[in-house]
Amino acid sequence: MNSFAEAYTWINFRFLLEGLWVTIEVSVVSIILSSIVGLFLGIIRYIRYPVVSGVVGVIIDLIRNLPLLLLIFFTYFGLPKIGIRMEPLTAAIAAMTVFESAMIAEIVRSGILAVDTGQMEGARANGLTYWQGLRYIVLPQALRKMIPPLVSQFISLIKDTSLATIIVLPELMYRAQIIYGQNTRYMIPMFVALAVLYFVVCYALSLVASRLEKRVG
Amino acid sequence: MISVFQQHWQELLTGLGNTILCSVIALFFSLVIGSTFAIFEVLPSKFLRIIGRIYIEVFRNIPLLVIGMFFYVVVPQYVLPMDGFTAGTIGLTLYTSSFIAETVRAGIQAVDSGQMEGARANGLSFMQAMWHIVLPQAFKYVIPPLGNQFINLVKNSSVLAFVAGFDLMYQGDMIASATFDTFNTYIAVGVLYLIITLPLSYYMRYLEKKLA
């Protein structure tokens, strides 16, 4: 127990919290960007626009079926070969946004598909255009169905930011490794701190989501 | 990219083999552990329900990397020595089992409660009814989501690269740092991952449509 008291000094704790802040920063920016791109791509895939929807579909399937870690490696170590150089923070956000956009696009598409086709037909019969029907009738209903899978995706995203430790992004996992690298006695306290901090953030998000789900549902 | 395959096919193939091996082992054990905790969650005993809930929530809300690293750096130091492959596979198993538990629980709850009642009325014990009547029906519902979990498992097995697990990602990283041809090596590694995950993913989509 003594090692806990030694490891949890204010300096170490502040160092970890600053890492948690980087984790949250990367997560929030990636969530916002990939929600926008994912919504857009999901709709393109749903409307079956000739050629474009097919091409978008293939790209989404390719990205979804790759490990995120590979995309992070490729963005940070591979792309500089063709002249695209990024800071660790930018590279992490870019790789996560590309990966999560593909995942969200698929969630959006199946959410829209789950809405009864009669809704769109009814909207059209009442004089709305296709886009109006999509915007005011179908999408709001689809969004309600999308909340649970979206939230689990966002939780995955937060957990996956830990992979960016490989490109020396100073997030929570990376900083914990630095602290227990100084002294092996700090290992267990650091893993406990990591587990607790990640758990609190992710579990809080799932609680907020289930409350939100009850309110709109 | 072709030249990467030509020059390093042996390393890449070893990596692919290890990735598949670790995914299959982790799938088997996470199915066993996941189903056990899923049954815990539908048991009449409140104590076991709470145990099941805690297990699932803990492993679902902690990054796989943290769990894997714990078995790679902490466990060998204090408990028993193990190599990176073992540590990574154990981490992957525990992490995935929590997702499988959620999936199987949803499957069990989708089976009509009359099935259990009928089985109990015919003299089967709770566990007999669960094993012979409810679980076989539940597994029919959960095959597509379980397939998707397996795809995630294969992708997540790339964290073995962090713990020197000699998987595909690790081998790719070794080749990349030896040849400096990062761009083509990572594309080659990506192609190999897609060979496993893409057919599975299309098959699962087909199954989902067929079963719906």
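Note that this is a predicted model, so its numbers are computed, not measured.

Participant: Account for the UniProt feature "domain: ABC transmembrane type-1" (unreviewed entry) in chain B, naming residues and giving values.
Facilitator: Those places that UniProt annotates as "domain: ABC transmembrane type-1" (unreviewed entry) correspond, in this numbering, to residues 16-204 of chain B. Overall, residues 16-204 of chain B shows 84% helix and 0% strand. The separation of its end C-alpha atoms is 22 Å.

Participant: How would you sum up the packing of helix H2 (residues 10-47) of chain A against helix H5 (residues 88-113) of chain A? Please name residues and give values.
Facilitator: Residues and elements named next belong to chain A. Their axes nearest at 6 Å, the elements H2 and H5 cross at an angle of 40°. Between H2 and H5, the angle is such that the two are oblique. The way H2 lies across H5 gives a crossing that is right-handed. Grouping the amino acids of the contact of H2 with H5 by side-chain chemistry returns 16 nonpolar, seven polar and three charged.

Participant: With reference to specific residues and values, describe helix H8 (residues 182-211) of chain B.
Facilitator: Taking 1.5 Å as the rise per residue, H8 of chain B with 30 residues should run 44 Å; its terminal C-alpha atoms sit 42 Å apart, in good agreement. At leucine 194 of chain B, H8 of chain B is bent by approximately 35°, the largest bend along its length. Turning to H8 of chain B, its buried residues number three or more, namely Thr182, Thr185, Tyr186, Ala188, Val189, Gly190, Tyr193, Ile196 and Thr197 of chain B. The elements touched by buried residues of H8 of chain B are helix H4 (68-78) of chain A together with helix H1 (2-42), helix H6 (126-156) and helix H7 (168-179) of chain B.

Participant: So what's going on with the UniProt feature "domain: ABC transmembrane type-1" (unreviewed entry) in chain A? Which residues, and what values?
Facilitator: On the UniProt side, "domain: ABC transmembrane type-1" (unreviewed entry) is annotated at positions that read residues 20-209 of chain A here. Helix makes up 80% of residues 20-209 of chain A and strand makes up 0%, while its end C-alpha atoms are separated by 21 Å.

Participant: Which residues make up the nonpolar core, and what values do they have?
Facilitator: All names here are of chain A. Of all hydrophobic cores here, the largest spans 113 residues; its most connected members are Leu70 and Ile72. Sorting elements by how many residues they give to this core places H5 first, with 14 residues. Setting aside anything within four residues of it in sequence, one finds isoleucine 72 in contact with Ala92, Ala95, Leu163, Ala164, Ile166 and Ile167.

The rules we used
- Residues numbered from 1 in each chain as written.
- Chains lettered and ligands numbered in written order.
- Predicted model: local features only at pLDDT ≥ 70, side-chain atom pairs only at ≥ 80, totals over all residues.
- UniProt positions renumbered as here; feature names shortened; annotations may be inferred.
- Helix = DSSP H or I, 4+ residues; strand = E, 2+ residues; numbered from the N terminus.
- Axes fitted to C-alpha atoms, helices over the stretch in contact; angles between N-to-C directions.
- Parallel < 35°, antiparallel > 145°, perpendicular 65-115°, else oblique.
- Left-handed = near helix turned anticlockwise from the far one by under 90°.
- Nonpolar A, V, L, I, M, F, W, Y, C, P; charged D, E, K, R; others polar.
- Expected span 1.5 Å × (residues − 1).
- Bend = angle between axes of the 7 residues up to and from the residue.
- Buried ≥ 20, exposed ≤ 12 C-beta atoms within 10 Å, placed from the backbone.
- Contact = placed C-beta atoms within 7 Å.
- Core = buried A, V, L, I, M, F, W, Y, C linked by C-beta atoms within 7 Å.

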